[in-house]
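Structure at a glance
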Amino acid sequence: MSRLVIVSNRIADLNNEPVQQGGLAVALVDALRERGGVWFGWNGEIGDRKEEAHVEQHGSITQISLSLTKKDYSEYYLGYANGVLWPLFHYRLDLVRYRSSHFSGYNRVNRKFAAALMPHLKFDDIIWAQDYHLITFARSLRNLGCRQRIGFFLHIPFPPPDLLAASSNHAELVQALMAYDVIGMQTFLDVNNFKRYLTDHTDAEVLENGDVRIGRRTIKVERFPIGMDVEAFGEMSQRITDDVAVDIKRREVLGRKQIIGVDRLDYSKGLPSRVKAFGRMLAKYPEMEKAVTFLQIAPPTREAVDAYSDIRDEMEALTGSVNGKYSDFNWTPIRYIHRSVPRNKLAALFRASQAGFVTPLRDGMNLVAKEYVAAQNPEAPGVLVLSQFAGAAEEMQEALIVNPYDIDEMADKLYAALTMPLNERKERHRALLEKIKRFDAKAWLVGFLKILEGGVEPVPKLPKV
Ligand code: ADQ
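Residues numbered from 1 in each chain as written. Predicted model: local features only at pLDDT ≥ 70, side-chain atom pairs only at ≥ 80, totals over all residues.

1. With respect to the overall build of the chain
Test applied: A helix here means a DSSP run of H or I that spans at least four residues, while a strand means a run of E at least two residues long, and both kinds are numbered starting from the N terminus. Once C-beta atoms are placed from the backbone, each residue is buried if 20 or more other C-beta atoms lie within 10 Å of its own, exposed if 12 or fewer, and partly exposed for counts between those two. Once C-beta atoms have been placed from the backbone, residue pairs whose C-beta atoms lie within 7 Å are recorded as contacts.
The helix and strand tally for the chain stands at 16 helices and 16 strands. Across the 465 residues of the chain, 46% fall into the buried class. Counted over contacts in the chain with a minimum sequence separation of 6, partners at least 24 positions apart contribute 76%.

Here's what the structure looks like:
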C-alpha cells in the first residue's frame, strides 16, 4: 500500500487525543496510523528566523511542520486565504478585501510548502491536500518535478461561476487547481458550480462520465460529503459531566427546554439572524417565555480579520437586547458562551437540548448538524432546524429546513421543533441517523482515497434534491 501524505494549513495535534479535535482529525489520523504516512503543514508558529522544516515521528506517522514569517501570515493566511477566498467562496463578495501583494504571498507560501515537502516524498506516495489554503499547492509541486498522484478536498463551498469570475485572479486559481488529479467537493451544487465555471471560462471539457479533460490530462471531480464518527460521538454524548447533569435536573424541575447552537463566531454561520429568530419566536409565541432557553456557544476565530470583530459586536448587542427585553430573575433567555467547550461536554449538551439550531448563510457541509443528530437519544430525540444553505441540507432533508434570511420562517419552525409530537421526532431522527451513518468520516476517507489511488467506485449517490 502506498504511503499517504496529508497536507493541510495547520498540522493536527498528534500529542492530544484526536477525538478532542473533531471528526476530521480523527478520521485522517486513523488512516495515517493504519497505513503509515506523513502529515505536513504549518505548526502554528510565527517567527522571522529562517528554519528548516521540523520532522517528528509519532508511531507510524511522520509529522513535518514549518513556521510562517509575519509576512507569510499576514499575506497568505489573513490576507488572501481568509480575506479573499473565505468570503468569496461563501458568496460574500462584499467582504472580499483583495490586494495583489496578498495573492503573491499566497503563492509564495504554497511554493514554500511544496519546496519543504518535496525532499521527503517517495516515488509511490499519494498526496492529499486539504482546503482552500492550498489551491495552488499542486502546481508548485509539479513545477518542482513531482509526478505522484495529488488530490485536493475543498471543505468550503465552491461559488457559482459568475461570482468567482468577479474576483481577481480567478483564471489563475482555477488553472492551478487543474494540477491536481482528483478534486473533491462537499455537494452536488459545488461540483456543478465548478464544472459550469470550467465550461464557461476555460478550454477544459467536461466528459460524459463527469471527468474533466484538460489538454492531455484527465481529472476526477466528485462529491464526497464529509461526515463524522457517529458511534463514537453518540457514546460520548451519554457520558454526562456533573455540571451538565445539574443543569438538566434544574430544567426538568422548571419544565424548561433548551435550544442549542454551536459555531465558530464566523459571519458565514448566520448567528445574528439566529438570535433575531429566537427573539421573534418569543414575541410570536408568548407561551415560550420561560419555557425555553437558547444556549449559543461561539468561540472567537480569526479575530485579526476586520469582518470578525464586527460580528462579535453585533452578537453582543443582539443577545443583550433580547435578554434585556425578556430576562427575569430566574430566566435568562439566551446564554451566550464566547469560548471553546471540550468535545465530551459539547456532545452531552447536544443530547440535553430539544432543538439544534444550525442556520449558516452558506456552509461547505456543517458537522455540527451531524453531531447534533448523532448525540440524540433515539427514544426521545430533539429536532434539527437546518439552513437550506448548509451543504448538509443536500442530504439531511428530514430536518426542519429553513431559509436563514427569513426570520419569521425560522421563528415558526423553531416553535414547530419545540412542540413536535414524539412520533414525528423519532421518525425524522431515524432517517437522519441512517444518512449520517452512511456518509460518515470513514466513508468520506475511503471514498476519496479509492479514487485517488486510481479505483473507480465513487461514494454512493443520493437522488438530487
Ligand atoms: P467549520 O467552518 O469549522 O468547518 P463545522 O463543520 O461546523 O464548521 O465544524 C466545526 C467543528 O468544530 C465541529 O466539530 C464542532 O463541534 C466544533 N466546534 C465548534 N464550536 C465549538 C466550541 N465552542 N467548542 C468546541 N468545539 C466546537 C469547515 C467548513 C464546514 C465543513 C468542515 C469539515 O466550513 O462546512 O463541514 O470544515 O469539512
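And the narrative resumes.
2. Describing the domain arrangement of the chain
What counts here: Domain delimitation in this document rests on an assignment produced automatically or drawn from a domain database. Residue polarity is assigned by list, with Asp, Glu, Lys and Arg as charged and Ala, Val, Leu, Ile, Met, Phe, Trp, Tyr, Cys and Pro as nonpolar; anything else, Gly included, falls into the polar class.
Parsing the chain into structural domains produces domain 1 (4–227 + 441–453) and domain 2 (231–438). For domain 1 versus domain 2, the separation of C-alpha centres amounts to 31 Å. Each side of the interface is counted separately: domain 1 has 20 residues, and domain 2 has 19 residues. Secondary structure elements with two or more residues in the side of domain 1 that touches domain 2: helix H2 (70–89) and helix H7 (188–201). Looking at side-chain class alone, the side of domain 1 that touches domain 2 contains 11 nonpolar, nine polar and no charged residues.

3. A few points about the sheet that holds strand S1 (residues 4–10)
For clarity, the cut-off: At least two bridges found by DSSP between two strands are what make those strands a pair. To obtain an axis, a line is fitted to C-alpha atoms, over the contacting stretch when the element is a helix, and the angle between two such axes runs from 0 to 180 degrees between their N-to-C directions.
Read from one edge of the open sheet, 10 strands run S3-S4-S2-S1-S5-S6-S7-S10-S9-S8, paired in mixed fashion. The two strands at the open ends of the sheet, each matched to only one other strand, are strand S3 (54–58) and strand S8 (205–206). In the packing of helix H16 (residues 441–452) onto the sheet, the strands contacted are strand S5 (126–130), strand S6 (149–153), strand S7 (182–185) and strand S10 (217–223), and the crossing angle to S6 comes to about 145°.

4. As for unusual backbone geometry
The backbone phi angle of Tyr 91 is positive, close to 65°, even though this residue is not glycine. Relative to the helices and strands, Tyr 91 resides in the loop between H2 and helix H3 (100–117). Among the residues examined, Tyr 91 registers 16 C-beta atoms within 10 Å and is labelled partly exposed.

5. What to know about the sheet that holds strand S11 (residues 257–262)
Sheet architecture is open: six strands sit in the order S13-S12-S11-S14-S15-S16, paired in parallel fashion. The open sheet has two free edges, formed respectively by strand S13 (334–337) and strand S16 (400–402), since each of these has just one partner strand. Here the strands of the sheet are splayed against their neighbours by 20° on average, with no regard to which way each runs. Sheet analysis places strand S14 (residues 355–358) next to strand S15 (residues 383–387), joined by four bridges and oriented parallel. In the strand pairing of S15, Val 358 is matched with Leu 386.

6. Focus: the packing of helix H12 (residues 343–351) against helix H13 (residues 367–375)
Short version of the rule: We call two directions roughly parallel when the angle between them is under 35 degrees, roughly antiparallel when it is over 145, roughly perpendicular when it lies between 65 and 115, and oblique otherwise. The crossing is said to be left-handed when, going from far helix to near helix, the turn is anticlockwise and less than a right angle, and right-handed when the turn is clockwise.
Their axes nearest at 8 Å, the elements H12 and H13 cross at an angle of 70°. With respect to H13, the axis of H12 lies roughly perpendicular. Where H12 crosses over H13, the handedness of that crossing is right-handed. Where H12 abuts H13, its residues Ala 347, Phe 350 and Arg 351 lie against Glu 371, Tyr 372 and Ala 375.

7. Regarding the environment of Asn 344
Here Asn 344 shows up in helix H12. Each C-alpha atom, one on Asn 344 and one on Ala 232, is 10 Å from the other, the two residues being 112 residues apart in sequence. If near-sequence neighbours (up to four positions away) are discounted, Asn 344 is found in contact with Met 236, Arg 239 and Thr 241.

8. Observations concerning the pairing of S1
Judged by how many residues are buried, S1 sits mostly within the fold: five of seven residues are covered. Relative to S5, S1 runs parallel, the two sharing five bridges. Directly across from Val 7, in S5, lies its bridge partner Ala 129. Pairing of S1 with strand S2 (residues 37–46) involves six bridges; the strand directions are parallel. Bridged to Ser 8 within S2 is Gly 41.

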